[in-house]
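Below, each chain spelled out in residue letters.
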Amino acid sequence: MTLATVAATEAAQIIADRTGVDHHDIALVLGSGWGAAAALIGEEVASVPAGDIPGFEAHAIPGHHPTIQSLRTTDGRAVLVLGARQHFYQVRDAVKVAHGVRMAAAAGCTQLVLTNGCGSTRPDVGPGSVVLLADHLNYTGATPLEGASFVDMTNVYSPRLRDLARSIDSSLPDGVYIQFSGPQYETPAEVRMAMGWGANLIGMSTALEAIAAREAGMEILGLSLVTNMAAGLGAGDLSHAEVLEVGGDAGPRISKLLAEIVKAMA
Ligand code: 8IG
């Protein structure tokens, strides 16, 4: 066991103690715009402030909800909702970024839904669109892995879960996500670089978490909400206010979609 796994196992034990649920099945990481989904997915069994769990640094950003919830679906599955993403731009440490995902794996989760808000480079996939992650580029220069952990990254985002999501909404496009370090948004030149590399979704999360989740053997579904056109491709400048507005407007629709997908993952 690596130190990161030991820390994740300790955190998972505290989740079990605080929620009374000693095994969870699915983990959800709720990013910008996705926060309202939990209420539709299951009954809340317990909610724990992230700051009470070792390895989570107390932080607050508008649009992010730092709690960890345990839900029970109508068909009896236990869902761990991580509303407390630790962004690379906050902690500057990929191991800390991956802590929540590793904790979920230690809690028993074998499936992981990673959601985010992001920018799009495709004019036909504009603000309000939901996209299925088909692949990613990790442009952070970092990794959550330690030692010679040669994790296969061929099918990071499960083709099976993508098909399953498309059985709920056949119009969902595939996208290739690039994780930048942030917190500044990209320059238009950086956006052109990313496009040249085959990316069409740009954000500041997800890829590092997905790497740790694949190491842990989890099956991953990645869902992006496009909140803005990438820098230089839309009208005007990028703003966090725009991100929050699009996220808020899309909230009810994407929450329902996510709830239906989770239901189908049984
Ligand atoms: I929401 O356009 C959201 N997050 N890097 N670029 C980057 N992160 C983002 C963006 C974006 N939109």
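Owing to the predicted nature of the structure, the values given are computational and were not obtained by experimental measurement. (Residues numbered from 1 in each chain as written. Predicted model: local features only at pLDDT ≥ 70, side-chain atom pairs only at ≥ 80, totals over all residues. Heavy atoms only, no water.)

Caption draft 1: Examining the packing of helix α6 (residues 159–168) against helix α9 (residues 240–264) more closely. Relative orientation of the contacting elements α6 and α9 amounts to 125°, with a least axis distance of 9 Å. Judged by the angle between their axes, α6 and α9 are oblique. Like other packed secondary-structure pairs, α6 and α9 cross with a definite hand, here right-handed. Between α6 and α9, the contacting residues are Leu 164, Ala 165 and Ile 168 on the first element and Leu 257, Glu 260, Ile 261 and Ala 264 on the second. Split by residue class, the contact of α6 with α9 holds six nonpolar, no polar and one charged. (Axes fitted to C-alpha atoms, helices over the stretch in contact; angles between N-to-C directions. Helix = DSSP H or I, 4+ residues; strand = E, 2+ residues; numbered from the N terminus. Parallel < 35°, antiparallel > 145°, perpendicular 65-115°, else oblique. Left-handed = near helix turned anticlockwise from the far one by under 90°. Contact = heavy atoms within 4.5 Å. Nonpolar A, V, L, I, M, F, W, Y, C, P; charged D, E, K, R; others polar.)

Caption draft 2: Just the environment of Trp 34, in detail. Structurally, Trp 34 can be placed in the loop between β1 (26–29) and α2 (38–41). Apart from the residues lying within four places of it in its own chain, the contact partners of Trp 34 are Thr 115, Asn 116, Val 130, Leu 223, Ser 224, Leu 225, Ile 254 and Leu 258.

Caption draft 3: Structural detail: the site of the ligand. As a structural note, the neighbourhood of the ligand is formed by Gly 117, Cys 118, Gly 119, Tyr 185, Glu 186, Ile 202, Gly 203, Met 204, Thr 227, Asn 228, Leu 238 and Val 243. Within the contact set of the ligand, a nitrogen atom lies 3.5 Å away from a backbone nitrogen or oxygen of Ile 202. Note that a nitrogen atom of the ligand is positioned 2.8 Å from one of the side-chain N or O atoms of Asn 228. In isolation the ligand offers 320 Å² of accessible surface; the protein chains occlude 95% of this area. Taken together, the elements giving at least two residues each to the shell around the ligand come down to β5 (111–120), β8 (201–203) and β9 (219–229). When residues in the shell around the ligand are grouped by element, the largest group, three residues, is from β5. Its residues assigned to classes, the shell around the ligand shows six nonpolar, five polar and one charged. (Near = heavy atom within 4 Å. Polar contact = N/O pair within 3.5 Å; in protein donor to acceptor, adjacent residues only side chain to side chain. Areas by Shrake-Rupley, 256 points an atom, 1.4 Å probe, with all protein chains shown as cover.)

Caption draft 4: Up close: the pairing of strand β4 (residues 78–82). For β4, a buried count of five out of five residues is recorded, marking the element as mostly surrounded by other parts of the structure. Judged by which residues are buried, β4 turns out to be covered on both faces: Ala 78, Leu 80 and Leu 82 on one side and Val 79 and Val 81 on the other are all buried. In terms of strand pairing, β1 meets β4 through four bridges, oriented parallel. Bridge pairing in β4 links Leu 28 to Val 81. Across five bridges, the pairing between strand β3 (residues 67–72) and β4 is antiparallel. (Buried < 20%, exposed > 50% of the residue type's maximum accessible area, 1.4 Å probe, protein only. Pairing = 2+ DSSP bridges.)

Caption draft 5: Up close: the packing of helix α1 (residues 3–19) against helix α5 (residues 99–106). Their axes nearest at 8 Å, the elements α1 and α5 cross at an angle of 65°. In this structure, the crossing between α1 and α5 has a hand that is right-handed. Residues Ala 4, Ala 7, Ala 8, Thr 9, Ala 11, Ala 12 and Ile 15 of α1 pack against His 99, Arg 102, Met 103 and Ala 106 of α5. The residue makeup of the contact of α1 with α5, split by class, is eight nonpolar, two polar and one charged.

Caption draft 6: Fine view of the pattern of salt bridges. Under the counting rule described, the total for this entry stands at nine salt bridges. The residue Glu 219 makes a salt bridge to Arg 160 at a minimum N-O spacing of 2.7 Å. Residue Glu 219 is located in strand β9, and its partner Arg 160 is located in helix α6; the two are separated by 59 residues in the primary sequence. Using a relative accessible area of 44% as the deciding quantity, one classes Arg 160 as partly exposed. The partner of Arg 166 in a salt bridge is Asp 174, and the shortest N-O contact between them spans 2.6 Å. Under the relative-accessibility criterion, Asp 174 is labelled partly exposed at 32%. Through salt bridges that share partners, Arg 162, Arg 166 and Asp 174 make up one connected network. (Salt bridge = Lys/Arg side-chain N within 4 Å of Asp/Glu carboxyl O.)

Caption draft 7: The side chain of Ser 181, seen in detail. Tracing the sequence through the fold places Ser 181 in the loop between β7 (174–179) and α7 (188–196). Those residues in contact with Ser 181 that sit more than four places away from it in its chain are Phe 88, Tyr 89, Arg 92, Tyr 139 and Thr 140.

Caption draft 8: Examining the environment of Met 265 more closely. Looking at the element boundaries, Met 265 is found in the segment after α9. Taking the relative accessible area as the measure of exposure, Met 265 reaches 3% and is therefore buried. Separated by 100 residues in the primary sequence, Met 265 and Ala 165 have C-alpha atoms spaced 8.9 Å apart. In contact with Met 265, not counting residues within four places along its chain, are Ile 26, Arg 77, Gln 111, Val 113, Leu 161 and Leu 164.

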